[in-house]
Amino acid sequence: MQAVLETERLLLRPYVLADAAQVQRLAGDARVADTTANIPHPYPDGAAQTWIAGLAAAFAAGTRIVYAATLRQDGAVIGTVALHDIVPAHARAMLGYWIGVPYWGQGYATEAVRCLIDHGHAAHGLSRIGGACLARNPASARVMEKAGLRAEGRLVAHECKHEVFEDLLLYGLVLPGRAPSHSPA
């Protein structure tokens with residue numbers, strides 16, 4: 001069962017199908033899609049329901065941990081924070097996140113990312129968290145830097161967004177810990 005995580009201002013909880021309309025509204029904003037590598041615009045009808053419906057299976061498989069970032073004061077969904085491409089044998093994962101435009105510039109992304117990194121380390125034994133953002137998105141780079149990730153490189157013309165090839169900035173964080181145990185093959 002996926003834990004609910006708490007920060008000073010947020011609750012990070014598993015998504016439920018009832019969240020789909022809010023996800024489509026927030027992620028469907030062209031400004032959100034334009035600042036991320038993987039959110040399409042226009043956001044297709046039904047895509048949020050399909051995405052949410054697949055999250056429990058990905059969590060059970062140990063490949064992805066996705067949270068709805070919600071405000072503690074009223075429970076409003078404001079965005080997503082996730083660990084994906086989890087590789088338990090190497091104790092690593094990649095970070096992903098987005099926050100709806102009405103909530104930009106308030107520190108919510110950094111707060112959620114820090115909480116998820118701590119959870120990934122403490123509860124899932126992750127010792128390396130990576131992240132990437134479009135090079136033209138300095139706000140996303142700042143979120144990772146404030147959460148402790150450090151610049152590691154640049155992938156030139158790596159993503160095609162709106163028919164334009166874009167560079168990705170790579171970030172990483174190595175956490176203290178032990179090597180994962182391996183069973184004999």
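The coordinates are above.
Note that the structure is a prediction, hence the values are computed from the model and not measured.

S.K.: Talk me through the packing of aromatic side chains; I want residue IDs and the actual numbers.
M.R.: A ring pair, where both rings are aromatic, is described by two values, the distance of the centres and the angle of the planes. On inspection of all chains with the given rule, the structure shows 2 aromatic pairs. For the pair Tyr-15 and Trp-51, a centre-to-centre distance of 5.1 Å together with 65 degrees between the ring planes defines the contact as edge-to-face. A residue pair is termed long-range when its members are at least 10 positions apart, and Tyr-15 in the loop between strand E2 (10-13) and helix H1 (20-27) and Trp-51 in helix H3 (residues 47-61) qualify at 36 residues. Seen in terms of ring centroids, Tyr-103 and Tyr-108 are 6.4 Å apart; in terms of plane orientation they differ by 65 degrees. Their pairing is edge-to-face. Of the two residues examined, Tyr-103 and Tyr-108, each falls in the buried class.

S.K.: Please give an account of the pairing of strand E6 (residues 128-134) that cites residues and values.
M.R.: In the case of a regular strand, side chains alternate between the two sheet surfaces. With 5 of 7 residues buried, E6 is to be regarded as a mostly interior element. Bridging between strand E5 (residues 92-99) and E6 involves 3 bridges; their strand directions are parallel. Paired with Arg-92 across the two strands is Arg-128, which belongs to E6. In this region the chain leaves E5, passes through helix H4 (residues 108-124) and returns to the parallel neighbour E6; the handedness of that crossover is right-handed. In the sheet, E6 pairs with strand E8 (residues 164-174) via 7 bridges, with the strands oriented antiparallel.

Procedures and definitions
Residues numbered from 1 in each chain as written. Predicted model: local features only at pLDDT ≥ 70, side-chain atom pairs only at ≥ 80, totals over all residues. Heavy atoms only, no water. Phe/Tyr/Trp six-rings, centres within 6.5 Å; stacked < 30°, edge-to-face > 60°. Helix = DSSP H or I, 4+ residues; strand = E, 2+ residues; numbered from the N terminus. Buried < 20%, exposed > 50% of the residue type's maximum accessible area, 1.4 Å probe, protein only. Pairing = 2+ DSSP bridges. Right-handed = clockwise from strand over helix to strand, strands pointing away.

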